[in-house]
Amino acid sequence: MRALACAPLDDTSVSPDTGRSNNNKWGSVVNTGAFKLRPAGWAALMASTILAGPPALAADAAAMASASSAGGTQIGEIIVTAQKREESLQHVAMSVQALDSRTLNQLNVTGFQDYVKFLPSVQFQSFGLPNESIVYMRGVSDGGNGNHSGPLPSVGTYLDEQPITTIGGTLDIHVYDIARVEVLPGPQGTLYGASSESGTLRIITNKPDPSGFSGALNLTGNVVDHGDEGYVVEGFINVPLAHNAAIRIVAFDEHDAGFIDNVAGTRPFKSSGATLSNAPFVKNDFNPVDTYGGRVALKIDLNDSWSIMPTLVAQDTRARGVFGYEPSVGDLQVNRFQPDSDHDRWYQAALTINGKIGRYDLTYSGGYFRRAIDSLTDYTDYSVAYDQAFGSGAYWVDKNGVPLATPIQEIIGRDRFEKGSNELRLSSPSTDRLRFIVGLFQERQSHWIIQDYQIQGFGPQIAVTGWPNTIWLTDQERVDRDEAAFGEATFDVTKHISITGGIRGYHYKNTLYGFYGYSAGYSSHTGESKCIPGLTFRNAPCVDLNKPASDGSGETYKANATYKFDDDRLVYFTYSTGYRPGGVNRSGVFPPYQADSLANYEVGWKTSWFDRSLNFNGALYDEEFTNFQFAFLGPNSLTIIENAPSARILGVETSVAWRATHALTLSGGASYNHAVLTANFCGTDQNTGLLIPSCPDSQARALKGEQLPYTPKFKGNVTARYAFGLAGWDAHAQVAVAFQTGASPALFTSDIANLGTMPGYATADFSFGAEKDRRSIELFIKNAFDTRGQLNRYTPCTTSVCAPSYPGVPAAVYVVPIQPLTFGIRVGQSF
């Protein structure tokens, strides 16, 4: 499902030319003429294609071969731009986790869930759909319900220089021709600002290169245990247009196999005595995903000092079914009674200008982003549960006032996002003893939301005016604005000691306007009975939401002291702060929620040992999450956001990379987060909408000391890769293990009791491949032991109503699993 709806009451190194950081998904049956190509056919076709030589399909092997055969045993250098200038990862005095193109390729990464398991500082909340995950870092998690009217994310997401953060979830960008993925845990308030409160996720693409022609074409086939088959076709081409200009074009088409079965089931309606069957919708593997997209970038070097680069990126994703199963029904099985679908497409047009003014670097970055989502969500679970618990079916009547026999609901969703951003910054040379970055930033994003809850045959006398069959309607627009000025300076006190200071002044203004609720004939609490005279909004029957804007300003800070023992070892201390803008509550007496803040105290180290064959990095941190924004169901089951009591996170994160021999490389990372409430969360006064400041444990909704949701205390990974020669080919074998401890899917004690907790789990991935003459072949197994790791547990409505079982009605608790055991083969050719 898209944003979790909670009742109709709440709508709720490889060179840049290699292209591939790779694909790990498989797909479905491929129709070739009159026959279907099954997994064995995939393997035979691709193996014969690659072994036969051109025109073969392959990931570029040249850089990987170079990496495996390079002299010495030094770990390769990774260049990052975390501080908005190019620097070696080992010389950046801050915590940065980076997966470069070569690593992404070796780990068979295709999308978000593939790479995030190798980033120990990152946690996330997911309902399974692409582009829907809510990202957290270092345990700074509120565990909200992802509602469209809820808080902004606490982690900022960037595609190259442009922010692409949306409240609808983190975009699941197809990982191909990607230079690296950078994770910057901890507040990034100075250089990145709003929605980078607890960290920043950056996806950096490969850029056009006028020095020569290059390209690659890859084909992957896969099969998912308990599920169907899939494929990916992807390629890029880099074409010099002149000595100072080049264009780079990337395209892909991906089919992800379904693995959830919609099995036969029935549901009784207590009020009418009727029984509903899902027979017309029974289907195996009913949750496939099809995604296609591409990127076009043009780079022109105007002279030795100035360059411009316009870029257009687009992606279109169509998903069917749901991605959580119901344990009460069966493993990887559900009962769904109406269609579920999600069509999510977006594009971003961006322009980056780099130049020099004297000896200073000037950068302009601007982006225009649009996203559209159309969705259908079966809401039968809600109808059945509320009828069983409260007899609600007696009130869902037809035009004659007769209760409907099977009043099942479906949510028709329509979301339209638009974002524009601009940044201008000036930086001094990185070699200066005193160096600085100063800049200006502006962003405006809007979200038009329609959530149309329909019951077929619903009486027009109680339906929302102008919306046939609609029991509840949300038709509103949210606008979030952010402007900032920032500066950061570093001074080398001695050749060993450097100090850094930064400040960002910001102003935000956020509004929410439109209609939400029932018809006047159905309810006197919300909707048409609360219309504001004289106001209109699009196709809504009236306006009942026109609260004052949430408007605020302030500063975030950074202070850092670094001691460099030598070129290979440094330690640092950082104090940094971040914030998340406040916003508007829809419901009656509830005031706007205020900005929350995060203060970070961090001690870290970056070290290289044994002639740089071993890198050992890490950080210890103490973070104070003050008055954090928490979304929950309030009066009339509307999503309410309050500034909850504070939380504290004590943690450590570390990474190791060791090239033990010319052939053997070992790497890994881990994090530990003790992320807990520092006071009881007592809820709100239903009459005033204000937070109850204190209460005894027996009355608390969440207890002091409770671990924040979706935060495993421990998360880690280990990878071993061995390179060797095989019949004239450069071959390799690899094993990667990822593991984490358990976590809870909610903050409130009652919700945890109703939903249960997510146990810890471990996965193992294996791969074997070979490269020769720019051809490659890769065999891989993901989740080799078919671990049923849990990413989320949720109900489609209030947990106290939907989570229990009723006579003839299993508990409507859904578990979102990791992808089951998957076998794949990838072949390719670069040129």
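This text gives an overview of the structure that appears in the document. Quick caveat, the model's predicted, so the values are computed rather than measured. (Residues numbered from 1 in each chain as written. Predicted model: local features only at pLDDT ≥ 70, side-chain atom pairs only at ≥ 80, totals over all residues. Heavy atoms only, no water.)

1. Side note on the pairing of strand E37 (residues 729-740)
Argument step 1. In terms of strand pairing, strand E36 (residues 714-726) meets E37 through twelve bridges, oriented antiparallel. Among the inter-strand pairings, Gly716 is bridged to a residue of E37, identified as Phe739.
Argument step 2. Counted between consecutive antiparallel strands, the loop separating E36 from E37 contains two residues, among which Ala727 sits at a positive phi close to 55°.
Argument step 3. Pairing geometry for E37 and strand E38 (residues 761-772), over eleven bridges, is antiparallel. Along E38, the bridge assignment pairs Val737 with Ala764. (Pairing = 2+ DSSP bridges. Helix = DSSP H or I, 4+ residues; strand = E, 2+ residues; numbered from the N terminus.)

2. Examining a nonpolar patch on the surface
Argument step 1. Together, Leu434, Phe491, Val493, Ile497, Ile499, Tyr563, Phe565 and Val571 make up an exposed nonpolar region whose accessible area comes to about 640 Å².
Argument step 2. For the nonpolar patch, the elements supplying multiple residues, two or more each, are strand E26 (497-517) and strand E28 (550-566).
Argument step 3. Topologically, Val571 is positioned in strand E29 (residues 569-580).
Argument step 4. The exposure class assigned to Val571 is partly exposed, which follows from its relative accessible area of 32%. (Patch = residues over 30% accessible without salt bridge, like charges linked within 9 Å, V, L, I, M, F, W, Y side chains within 5 Å. Areas by Shrake-Rupley, 256 points an atom, 1.4 Å probe, with all protein chains shown as cover. Salt bridge = Lys/Arg side-chain N within 4 Å of Asp/Glu carboxyl O. Buried < 20%, exposed > 50% of the residue type's maximum accessible area, 1.4 Å probe, protein only.)

3. Here we look at the pattern of salt bridges
Argument step 1. Counted by the stated rule, this structure contains 36 salt bridges.
Argument step 2. We note a salt bridge from Glu602 to Arg138, for which the minimum N-O separation is 3.0 Å. A residue pair is termed long-range when its members are at least 10 positions apart, and Glu602 in strand E30 (residues 596-609) and Arg138 in the loop between strand E7 (134-137) and strand E8 (155-159) qualify at 464 residues. Neither Glu602 nor Arg138 differs from the other in exposure class; each is buried.
Argument step 3. Two residues, Glu423 and Arg425, come together in a salt bridge whose shortest N-O distance is 2.7 Å.
Argument step 4. A relative accessible area of 6% places Glu423 in the buried class.

4. Some points on the sheet that holds E8
Argument step 1. Strands sit in the order E5-E10-E11-E8-E9 across an open sheet of five strands; the sheet is mixed. The sheet is open, and its two edges are formed by strand E5 (97-100) and strand E9 (162-163), each paired on a single side.
Argument step 2. Alignment of strand E10 (residues 178-185) against strand E11 (residues 199-205), held across seven bridges, turns out to be antiparallel. Within E11, the residue paired with Arg180 across the bridge is Ile204.

5. Details of the packing of aromatic side chains
The relation between two aromatic rings is expressed through the spacing of the ring centres and the mutual angle of the planes.
Argument step 1. Evaluation of the coordinates by the stated rule reveals 34 aromatic pairs.
Argument step 2. Each residue in the set Tyr379, Tyr382, Tyr386, Phe390, Trp396 and Tyr453 is aromatic and connected to the rest through ring pairs, giving one cluster.
Argument step 3. Here the guanidinium or amino end of Arg138 rests over the ring plane of Tyr621, the centre of that ring lying 3.9 Å away. (Phe/Tyr/Trp six-rings, centres within 6.5 Å; stacked < 30°, edge-to-face > 60°. Lys NZ or Arg CZ within 6 Å of the ring centre and 35° of its normal.)

6. Description of the pairing of E28
Argument step 1. In this sheet, E28 lies alongside E26 in antiparallel orientation, the contact comprising 14 bridges. Its bridge partner lying in E28, Gly502 is registered against Lys558.
Argument step 2. Hairpin remark: E28 followed by E29, antiparallel, with two residues in the connecting loop.

7. Some points on the environment of Asn783
Argument step 1. Assignment of secondary structure puts Asn783 in the loop between strand E39 (775-782) and strand E40 (790-794).
Argument step 2. With 225 residues separating them along the chain, Asn783 and Lys558 place their C-alpha atoms 41 Å apart.
Argument step 3. Contacts of Asn783, omitting those with residues within four sequence positions, involve Thr763, Ala764, Asp765, Ile818, Gln819, Pro820 and Leu821.
Argument step 4. In this structure the side chain of Asn783 is engaged in a polar contact, spanning 2.9 Å, whose partner is the backbone oxygen of Gln819. (Contact = heavy atoms within 4.5 Å. Polar contact = N/O pair within 3.5 Å; in protein donor to acceptor, adjacent residues only side chain to side chain.)

8. Looking at the state of the cysteines
Argument step 1. This structure, assessed with the given rule, holds three disulfides.
Argument step 2. Between the sulfur atoms of Cys531 and its disulfide mate Cys542 the distance is 1.8 Å. What sets the handedness of the Cys531 and Cys542 disulfide is the S-S torsion sign, and at about -65° it is left-handed. Linking Cys531 in the loop between E26 and strand E27 (545-546) with Cys542 in the loop between E26 and E27, this pair joins segments that are eleven residues apart in sequence.
Argument step 3. Using a relative accessible area of 30% as the deciding quantity, one classes Cys531 as partly exposed.
Argument step 4. Judged by its relative accessible area of 8%, Cys542 is buried.
Argument step 5. With a sulfur-sulfur separation of 2.1 Å, Cys682 is cross-linked through a disulfide to Cys695. In this structure the cystine formed by Cys682 and Cys695 twists about its S-S bond by roughly -90°; its chirality is therefore left-handed. Taken as a pair, Cys682 in the loop between strand E35 (664-677) and E36 and Cys695 in the loop between E35 and E36 lie far apart in primary sequence, 13 residues in all. Cys695 matches Cys682 in its accessibility class, with the two residues each being buried.
Argument step 6. When the cysteines of the protein that form disulfides are numbered from the N-terminus onward, they connect as 1-2, 3-4, 5-6. (Disulfide = S-S within 2.5 Å.)

9. Observations concerning the side chain of Asn238
Argument step 1. As for its position among the elements, Asn238 is in strand E13 (residues 229-242).
Argument step 2. Only 3.3 Å separates the side chain of Asn238 from the side chain of Arg248, close enough to count as a polar contact.
Argument step 3. With sequence-adjacent residues up to four places away left out, Asn238 is seen in contact with Lys207, Pro208, Asp209, Gly212, Phe213, Ser214, Ile247 and Arg248.

10. Some remarks on the nonpolar core
Argument step 1. With 50 residues, the main nonpolar core has Ile471, Phe628, Phe630, Phe681 and Leu747 as its most contacted residues.
Argument step 2. Residue contributions to this core peak at four residues, all from helix H5 (residues 380-390).
Argument step 3. Every residue in contact with Phe630, bar those within four places of it in the chain, is listed here: Asp142, Ile640, Ile641, Glu642, Ala644, Phe681, Leu747 and Phe748.
Argument step 4. One finds Val116, Ile203, Ile260 and Val322 within the second-largest nonpolar core, a separate group that totals 46 residues. (Core = buried A, V, L, I, M, F, W, Y, C linked by side-chain atoms within 4.5 Å.)

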